[in-house]
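Listed below, chain by chain, are the residues.
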Amino acid sequence: MKDKKVIAAHQPNFLPWLGLFYKIYKCDKFIWADDVQFSTANGINTHRNCIKTSQGKLDIRVPVHKNSTSKINEVTIDYRQDWIKKMKKTLYLCYGKARHYEEVSSWFEEVLDYRYELLADLNKKIILDTCEKMGINVEHDACSNYEITGKKEEYVVNLVRFFGGDIYYSGTGAGYLHYEAFEKQGMELVFSDYSPIVYPQLWGEFIENLSVIDYLFNCGFNNPF
């Protein structure tokens, strides 16, 4: 991929897994796919993710206002519930004895206390802060700033062309993408070679692909790539 511009894109998820940070690490320009419809289906973690407890995995989530036509960049956070206090308490109970709890909780609680109106803004802040603290410096932009048309594969091809990319670096779950569609446009499609990183965890046997917050509490902001 040397001398070729690598584009990656993803929805701004809440506390995503390390695999997303690896995707950002591998690209030259990262694009927020924030103008697609908000969904809670098919494991999309735009407002929730998994942490580890003494009893196994647990979902933590940001309550939101939504309707059937909401785009991700339009979804607002529901502060009628005191979810911030509950989330802080949950993370303390699960990670209070973790090696980097003080450092990470100090940063994360400050982000939560800012009380972002939009879910996408909260998620972007968390991801960009984490990248900066890990030393992952990449140019970024958002689809919502422009008019990029198409659905699924066509949308991605148009996105890469719009941002002047030579290569689209995709996660492994994008089964709707095909090499031929990119080759016709003089571009390449590359699927991520990320494999779960094993690191020290609390609470017994290792569980892979949790939220990045699990890695941060246990390992700090050290770049694992």
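Residues numbered from 1 in each chain as written. Predicted model: local features only at pLDDT ≥ 70, side-chain atom pairs only at ≥ 80, totals over all residues. Heavy atoms only, no water.

Participant: Got a minute to help me understand the side chain of Asp214 in this structure?
Facilitator: Of note, Asp214 is situated in helix 7 (residues 212-219). One buried charged residue, Asp214, remains without a salt bridge, the closest side chain of opposite sign being Lys52 at 6.4 Å. Not counting residues within four places of it along the chain, the set of residues in contact with Asp214 comprises Lys52, Tyr95, Tyr199 and Gln201. (Helix = DSSP H or I, 4+ residues; strand = E, 2+ residues; numbered from the N terminus. Buried < 20%, exposed > 50% of the residue type's maximum accessible area, 1.4 Å probe, protein only. Lys, Arg positive; Asp, Glu negative; His and termini not counted. Salt bridge = Lys/Arg side-chain N within 4 Å of Asp/Glu carboxyl O. Contact = heavy atoms within 4.5 Å.)

Participant: Honestly, the packing of helix 1 (residues 18-26) against helix 4 (residues 119-134) in this entry has me stumped. Any pointers?
Facilitator: Working note: a packed helix pair is described by the angle between its axes plus the distance between those axes. Running from N to C, helix 1 and helix 4 cross one another at 65°; their axes reach a closest spacing of 11 Å. Between helix 1 and helix 4, the crossing angle belongs to the class labelled roughly perpendicular. Considering how the two elements wind past one another, helix 1 and helix 4 form a crossing that is right-handed. Counting all contacts with helix 1, which are made through Leu18, Leu20, Phe21 and Ile24, the residues of helix 4 involved are Ile127, Thr130, Cys131 and Met134. The residue makeup of the contact of helix 1 with helix 4, split by class, is 7 nonpolar, 1 polar and no charged. (Axes fitted to C-alpha atoms, helices over the stretch in contact; angles between N-to-C directions. Parallel < 35°, antiparallel > 145°, perpendicular 65-115°, else oblique. Left-handed = near helix turned anticlockwise from the far one by under 90°. Nonpolar A, V, L, I, M, F, W, Y, C, P; charged D, E, K, R; others polar.)

Participant: Where do I start with the pairing of strand 2 (residues 29-32) in this structure?
Facilitator: Every other side chain in a regular strand lies on the same face of the sheet, so the side chains alternate between the two faces. Side chains Lys29 and Ile31 of strand 2 all project onto a buried face; the interleaved residues Phe30 and Trp32 project onto the opposite face, where all are buried too. Note: strand 1 (residues 6-10) against strand 2, 4 bridges, orientation parallel. Within strand 2, the position partnered with Ala9 by the bridge is Ile31. In this fold, strand 1 hands off to helix 1, which returns the chain to strand 2; that crossover is right-handed. As defined by bridge partners, strand 2 adjoins strand 7 (residues 139-142) across 4 bridges and the pair is classed as parallel. Bridge pairing in strand 7 links Lys29 to Glu139. (Pairing = 2+ DSSP bridges. Right-handed = clockwise from strand over helix to strand, strands pointing away.)

Participant: I tried to follow empty space enclosed by the protein on my own but got confused; where do I start?
Facilitator: A water-sized probe, rolled over the atoms, reveals where empty space remains. Under the counting rule described, the total for this entry stands at 3 cavities of 30 Å³ or more. Computed from the structure, the largest cavity encloses a volume of approximately 80 Å³. As for the largest cavity, its lining consists of 15 residues, of which Leu18, Tyr194, Tyr199, Asn209 and Leu210 are closest to the centre. For the lining of the largest cavity, the secondary structure elements donating two or more residues are helix 1 and helix 7. Here the residues of the lining of the largest cavity sort into 11 nonpolar, 3 polar and 1 charged. (1 Å grid on protein atoms, 1.4 Å probe; cavity = no way out; pocket = protein on both sides within 12 Å on 5 of 7 lines; lining within 4 Å. Points joined across faces, edges and corners; volume = space filled by probe spheres on them.)

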